[in-house]
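An overview of the molecular structure
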Amino acid sequence: MDYIIQLMKKTGLKIVPFIKTVVIYFMLHTYKAENHGQLWSTVVKILPIISLMIFVCLHDTKTKKGKHGSQYILLGLIFSSIGDILLNVDLFPEGMGAFAVAQAFYITSFGFKPLKMPIGLVLYTVGVLAVSLFYMNLPTILQMGLPIYGVLLLTMCWRALARATDNPCDMKNFPKLACALGAVLFVISDSLIAFDKFYIPLSFAQLAIMITYYAAQLGITLSIVELDCNKTKHDAKKIHVKNHKQKAQ
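Residues numbered from 1 in each chain as written. Predicted model: local features only at pLDDT ≥ 70, side-chain atom pairs only at ≥ 80, totals over all residues. Heavy atoms only, no water.

Looking at the protein chain, the pLDDT average stands at 90 and 90% of residues meet or exceed 70. In the model, residues 231-237 has pLDDT below 50 throughout and makes 3 contacts with residues more than four positions away in sequence or in other chains. (pLDDT = per-residue confidence, 0-100. Contact = heavy atoms within 4.5 Å.)

Encoded structure:
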């Protein structure tokens, strides 16, 4: 419960703009094909990501490692917004390139400790099998570019999952668990894009892509939140001492 209270205090009202802009995006049916490529839909599409950028900028990170991680998450969000703009005006290869840079920044933020190599091997194997289904349908430039992006995307997911495997039931690890879920949702979102565009059209694709995408970016952004284990223990000790004094009286 103490960790949940800490989480609410550290996020609180700062996450409300993201929620509001996501609601506006879906209320305006921005994801529908007839709105694709329009200026207003491009602006509305990137507003939730801009809200997350503001959240990162406003968040008070105490440790040096946490500050460096936050900077890379912010850079990842910036390049994600650039990718969103490019994809919304049908510049798919360029948009994928911007997202590739975003994934590289996320990977840098997450680091490579603990390694957990089996997780990476499973993800890469599944990725190869999935891409093989539609690889021959890709334009030449994407036959070169998509596998590179796929490696970066799956590496990002691997690093997020690896960090979340230690004490996953411990509430102080909630930011890492949220990040891992976000990474998985990012893979699902991009997989839906690829299958809908290059394998078989999916009637629900655009809605599902954007739901999983925004949830993914939120989860990854929450990775910057630091829950203070020592503070929680200190507060618990103070309560224990207080109760002991009351009993003594």
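This part covers the environment of alanine 104. Topologically, alanine 104 is positioned in helix H5 (residues 92-110). For alanine 104 and leucine 75, which are 29 residues apart along the polypeptide, the C-alpha to C-alpha distance reads 9.7 Å. (Helix = DSSP H or I, 4+ residues; strand = E, 2+ residues; numbered from the N terminus.)

With that settled, consider the side chain of glutamine 103. When you line up the elements, glutamine 103 lands in helix H5. Residue glutamine 103 is classed as buried on the basis of its relative accessible area of 0%. Non-local contacts of glutamine 103, meaning those with residues more than four positions away in its chain, are made with Tyr149, Leu152, Leu153, Met156, Phe186 and Asp190. (Buried < 20%, exposed > 50% of the residue type's maximum accessible area, 1.4 Å probe, protein only.)

For the bond from lysine 113 to proline 114, the omega torsion is -5°, close enough to zero to count as cis. Tracing the sequence through the fold places proline 114 in the loop between H5 and helix H6 (117-134). At aspartate 90, a residue that is not glycine, the phi angle is positive and equals roughly 65°. Tracing the backbone shows aspartate 90 in the loop between helix H4 (64-88) and H5. Aspartate 90 sits in the exposed class, given a relative accessible area of 57%. The phi dihedral of lysine 116 falls on the positive side, at around 50°, and the residue is not glycine. Position of lysine 116 relative to the elements: it lies in the loop between H5 and H6. We classify lysine 116 as partly exposed; its relative accessible area is 32%.

This model, assessed by the stated rule, comprises 17 aromatic pairs. Summarising the aromatic geometry, the rings of phenylalanine 92 and phenylalanine 198 are spaced 5.7 Å apart at their centres and angled 80° between planes, so their arrangement reads as edge-to-face. Here the residue phenylalanine 92 occupies a position in helix H5, and phenylalanine 198 occupies one in helix H8 (residues 174-198), the gap between them amounting to 106 residues. With respect to burial, phenylalanine 92 and phenylalanine 198 carry one shared label: buried. Pairwise contacts between aromatic rings join Tyr25, Phe26, Tyr31, Phe99, Phe186, Tyr213 and Tyr214 into one cluster. Its end group placed over the ring of tryptophan 158, arginine 159 keeps NZ or CZ at 4.8 Å from the ring centre. (Phe/Tyr/Trp six-rings, centres within 6.5 Å; stacked < 30°, edge-to-face > 60°. Lys NZ or Arg CZ within 6 Å of the ring centre and 35° of its normal.)

Of the volumes computed, that of the largest pocket is approximately 1100 Å³. Forming the walls of the largest pocket are 46 residues, and the residues nearest its centre are Phe92, Asp190, Ser191, Ile193 and Ala194. When residues of the lining of the largest pocket are traced back to their parent elements, those giving at least two are H4, H5, H6, helix H7 (140-164), H8 and helix H9 (205-221). Counting residues per element, the lining of the largest pocket draws most heavily on H8, at 10 residues. (1 Å grid on protein atoms, 1.4 Å probe; cavity = no way out; pocket = protein on both sides within 12 Å on 5 of 7 lines; lining within 4 Å. Points joined across faces, edges and corners; volume = space filled by probe spheres on them.)

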